[in-house]
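# Architecture and fold: a report
So you can see what is in the structure, the chains are spelled out below.
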Amino acid sequence: MARTMAVWFRWFVFRIAPLYVFLLGVSACEVSASEPPTLPTYGVRMEQAWIPMSDGVRLAATLYMPEGAKPTEKFPALLEYLPYRKDDGTAAGDYPKHAYFARRGYVSVRVDIRGFGASEGIPPEREYSEREQADGEQIIAWLATQSWSNGSVGMFGISWGGFTALQMAMRHPPALKAIIAVHATAELFHDDVHYVDGIAHIDEFELNMDMAEGWVGAPDYSLDERTLGPRFDSPPWSLLYLKHQHDGPFWRDRVRPLSEITIPSFLIGGMQDGYRDNVPDMLMKSKAPIKAIVGPWNHSFPNEPDFGPQVEWRDQAVRWFDHWLKGHDTGVEHDPRLVIYMQHWHPPDPNLQNVPGEWRREDVWPPPDATAATFFLQTNHMLAESAAAPDKHELKYIPSVGVEAGFWWGELLSDPRPVDAFSLVYDSAPLQDEVAILGRPHARLRASASAPLADWFARLSDVAPDGTVTQITGAGLNGAQRESISEPRDLEPGKLYPLDIAMHLTSWVFPKGHRIRVAISNALWPMMLPTPYAMTTSLELGGNEGSKLVLPVVPVHGAIPSAFSQPEPSEERTDIKSEGFPWPGEWTVERDEARQKTTVHWKGKDGYQYPWGKQDDFENLTYDVDDSHPETCSVRGEAESIFSLKGRTLIWRGHLLVTTDQKNFYYKYTRELLKDGQMTKSKTWRETIPRDHQ
């Protein structure tokens, strides 16, 4: 679940959950549908239910039922399955999406995983555990056999819910007929928020989830020790993840190859979202009927993104599920396989309201008209189509480089020239014509380092005639994982290695007169924790095998899909109100040039008003790094959730501290519970964890 950044996940799923389910965004069919989607002919009735698991644990479910149905009517079920607390955390956002589908003839169901919210049991030992997935299969079977069910079940979700939909599709439960996965991935090590690009990453998600494991369910918030004790004592997940620093069975056993997904899958991604690479991966690897839409968005639904264009998705979700779960010929099998947004140039602006560009359809991936355009890194720091003369460019490693490049491979950013200043930078000549790219750019480098461990980062940018720089995409590579992400090996200092940095999916039109820029660095902090050795790295230039940039160039204009619908008004609950959201929050940078130390401060907050009381959440992170001692960095996090209830106040707190030296991570986490200002529970986990090629 994933910008993970960070990771932020709560917001994306909490606030955006209203739309979250069907995110398909494409409003009009490419061909006339044989049957229109189901109209809103029902009322909505909410029912609470217990779903029994094979070990006796009961999972709490909210069923959004079609009100006014005939006694003999049968309906498909739509399942949203995640831990983010259906009765408080996501309650406001759940209603608009689940009610939308209930009115159109679906029993839309929201279930918390065991150990969270009102569900019984102990939180699993990790995200996406075998227990969680086995429970999911039993939930699907239960839904398919209810008296109101037609036997067909669909799943949908954003972030965690999207991950779960993909994972359940890999397990082939018989009643699961179709899914919608939004901003999701099956690459749990390389793409999720714990090891972004295979490199250690810590953000707001760790703060939120490690504290939330210890909560009890709304509205009672019972402090009965039988419920509270096992949850409060559950070890923080961030500790477990820090012990698994490269890919392997720990990460792979949770998922199966994408080729094993055979049920119809509707995907949605965003050019500013950290999980967007899953869309082309699914298009190339899955045997399922795939429909996908990729807009310019970050980790949000298309009808309520941080920045537009906004489009509706729920009507298309109904078309999708009507076809696969009700057997209606709605024409979805004739829709474009992929509708994707071609971004046009815009100045660097974190507050941009709409990304300029145009939609295009692609029925084959990679696009058949794409060509690989190669630009060689030149000795004069230019990019050119001809091979360079032999040369070596050296770069001193500065651990604090990277703040302006973002907290994950998403977000709209300010100008990244402060990062470029400490990178090896290569620019093309001013372009004679527009150049469009669509796909994953590659930085193919020949590189060496003077230390046994180094990371390399490649960032692609657009340089305007006035010198303004807009970052487009990028990616990192842990040098120890150059040959295998599951079997990392030290670098041999001074040895030249071929490195292929596959940047994250993007689209972009470079205007005439602009320049193409690639910038190479060895740090991207605080997105990634720095490597622990002072060093110098080098790039080898020259000949056809020299360092180069390869761009997936396509025609500037492509096939035009049908227009999207504008967002529809959403039904809202009047008894719940929310305000604010932790991510993206506020951040500041402090640099002490004399002592070569840098600190980044981040903070976020949100609040909810419920019939039974009020919840206020506060979070902050502090990242410290020392350029003269890269082995010593730290991440400090504080989270606090205050529940102001009738007659009492409960406060959960979480305190995270991760520090490093050259050999180890030093981990400390404390979870606390206060009642009416008095400490009632406190537990601390402290451990020294050897660095394993991180």
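Let us look at the structure shown here.

The rules behind these values
- Residues numbered from 1 in each chain as written.
- Predicted model: local features only at pLDDT ≥ 70, side-chain atom pairs only at ≥ 80, totals over all residues.
- Heavy atoms only, no water.
- Pairing = 2+ DSSP bridges.
- Helix = DSSP H or I, 4+ residues; strand = E, 2+ residues; numbered from the N terminus.
- Buried < 20%, exposed > 50% of the residue type's maximum accessible area, 1.4 Å probe, protein only.
- Contact = heavy atoms within 4.5 Å.
- Salt bridge = Lys/Arg side-chain N within 4 Å of Asp/Glu carboxyl O.
- Phe/Tyr/Trp six-rings, centres within 6.5 Å; stacked < 30°, edge-to-face > 60°.
- Lys NZ or Arg CZ within 6 Å of the ring centre and 35° of its normal.
- Axes fitted to C-alpha atoms, helices over the stretch in contact; angles between N-to-C directions.

## Quick notes on the pairing of strand β28 (residues 597–610)
Pairing analysis gives four bridges linking strand β26 (residues 577–580) to β28, with the strands arranged antiparallel. In the sheet register, Ser 578 faces β28, and the bridge partner there is Tyr 608. Taken together, the seven bridges between strand β27 (residues 586–592) and β28 define a ladder with antiparallel strand orientation. Bridge assignment links Val 589 to a residue of β28, and that residue is Val 600. Pairing geometry for β28 and strand β29 (residues 613–626), over 14 bridges, is antiparallel. Along β29, the bridge assignment pairs Gly 607 with Asp 616. In textbook terms, the turn of a hairpin is the stretch between consecutive antiparallel strands, and for β28 and β29 this stretch comprises two residues.

## Remarks on helix α11 (residues 314–326)
Burial runs high along α11: 11 of the 13 residues are buried. If you check which residues of α11 are buried, you get Arg 314, Asp 315, Gln 316, Ala 317, Val 318, Arg 319, Trp 320, Phe 321, Asp 322, His 323 and Leu 325. Check the buried side of α11 and you find it contacts β3 (75–82), α3 (91–102), β5 (149–158), β6 (176–182), β9 (265–270) and β10 (290–295). Gly 327 sits one or two residues past α11 and shows a positive phi near 80 degrees.

## Comments concerning the pattern of salt bridges
Following the criterion strictly, the structure yields 41 salt bridges and no others. For Arg 114, the salt bridge is made with Asp 135, and the minimal N-O distance between the two is 2.7 Å. Here the residue Arg 114 occupies a position in the loop between β4 (107–112) and α4 (130–144), and Asp 135 occupies one in helix α4, the gap between them amounting to 21 residues. The class for Asp 135 is buried, based on a relative accessible area of 0%. Close ionic contact of Asp 626 with Lys 597 constitutes a salt bridge, the shortest N to O distance being 2.9 Å. Here Asp 626, found in strand β29, pairs with Lys 597, found in strand β28; they are 29 residues apart in sequence, far enough to count as distant. Lys 597 sits in the partly exposed class, given a relative accessible area of 30%. Through salt bridges with shared partners, a single network forms among Glu 80, Asp 94, Lys 97, Arg 110 and Asp 112.

## Notes on the packing of aromatic side chains
Within this structure, the stated rule accounts for 33 aromatic pairs. Plain terms: the ring middles of Tyr 128 and Phe 163 are 5.2 Å apart, the flat faces sit at 20 degrees to each other, and that makes the pair stacked. In this pair, Tyr 128 is assigned in the loop between β4 and α4 and Phe 163 in helix α5 (residues 160–171), connecting sequence segments 35 residues apart. By the burial criterion, Tyr 128 is buried, and Phe 163 matches it. Between the aromatic rings of Trp 297 and Trp 359, the centroid separation amounts to 5.9 Å while the plane-to-plane angle is 45 degrees, which identifies the pairing as tilted. Of the two residues, Trp 297 is situated in the loop between β10 and α11 and Trp 359 in strand β12 (residues 357–362); the sequence distance between them amounts to 62 residues. For Trp 297, a relative accessible area of 0% gives the class buried. Among the residues examined, Trp 359 registers a relative accessible area of 16% and is labelled buried. The ring of Trp 313 is capped by Arg 314, whose NZ or CZ atom sits 5.7 Å from the centre of that ring. The positively charged end of Lys 326 is found above the aromatic ring belonging to Tyr 106, 4.2 Å away from the centroid.

## Section: the sheet that holds strand β19 (residues 455–463)
Pairing is antiparallel in the open sheet, where four strands are placed in the order β16-β23-β19-β20. Whereas interior strands pair on both sides, the edge strands pair on one side only; in this sheet they are β16 (424–427) and β20 (469–478). Averaged over all pairs of adjacent strands, the angle between their axes in this sheet comes to 15 degrees, without regard to strand direction. Strand direction decides the pairing type here: β16 and strand β23 (residues 515–521), joined by four bridges, are antiparallel.

## Overview of the pairing of β23
Burial within β23 is extensive, with six of its seven residues counted as buried. Strand direction decides the pairing type here: β19 and β23, joined by seven bridges, are antiparallel. The partner of Val 463 across the bridge, within β23, is Arg 515.

## Overview of the sheet that holds strand β11 (residues 338–343)
An order of β1-β2-β4-β3-β5-β6-β9-β10-β11-β12 is seen for the 10 strands of this open sheet, with the pairing classed as mixed. Strands at the two margins of the open sheet, each flanked by one partner only, are β1 (43–52) and β12. The sheet shows a mean angle of 20 degrees between the axes of neighbouring strands, direction not considered. Bridging between β6 and β9 involves four bridges; their strand directions are parallel. Bridging across to β9, Ile 180 finds its partner in Phe 266. Along the sheet, α11 contacts β3, β5, β6, β9 and β10; its crossing angle with β6, the most-contacted strand, is approximately 160 degrees.

## Some words on helix α10 (residues 278–285)
Most of α10 sits out of view: six of its eight residues are buried. Looking at α10, one finds that the buried residues are Asn 278, Val 279, Pro 280, Asp 281, Met 282 and Leu 283.

## What about the environment of Arg 85?
Within the element layout of this structure, Arg 85 appears in the loop between β3 and α3. Beyond its immediate sequence surroundings of up to four residues, Arg 85 is in contact with Thr 90, Ala 91, Arg 110, Asp 112, Gly 117, Trp 215, Val 216, Gly 217, Ala 218 and Tyr 221.

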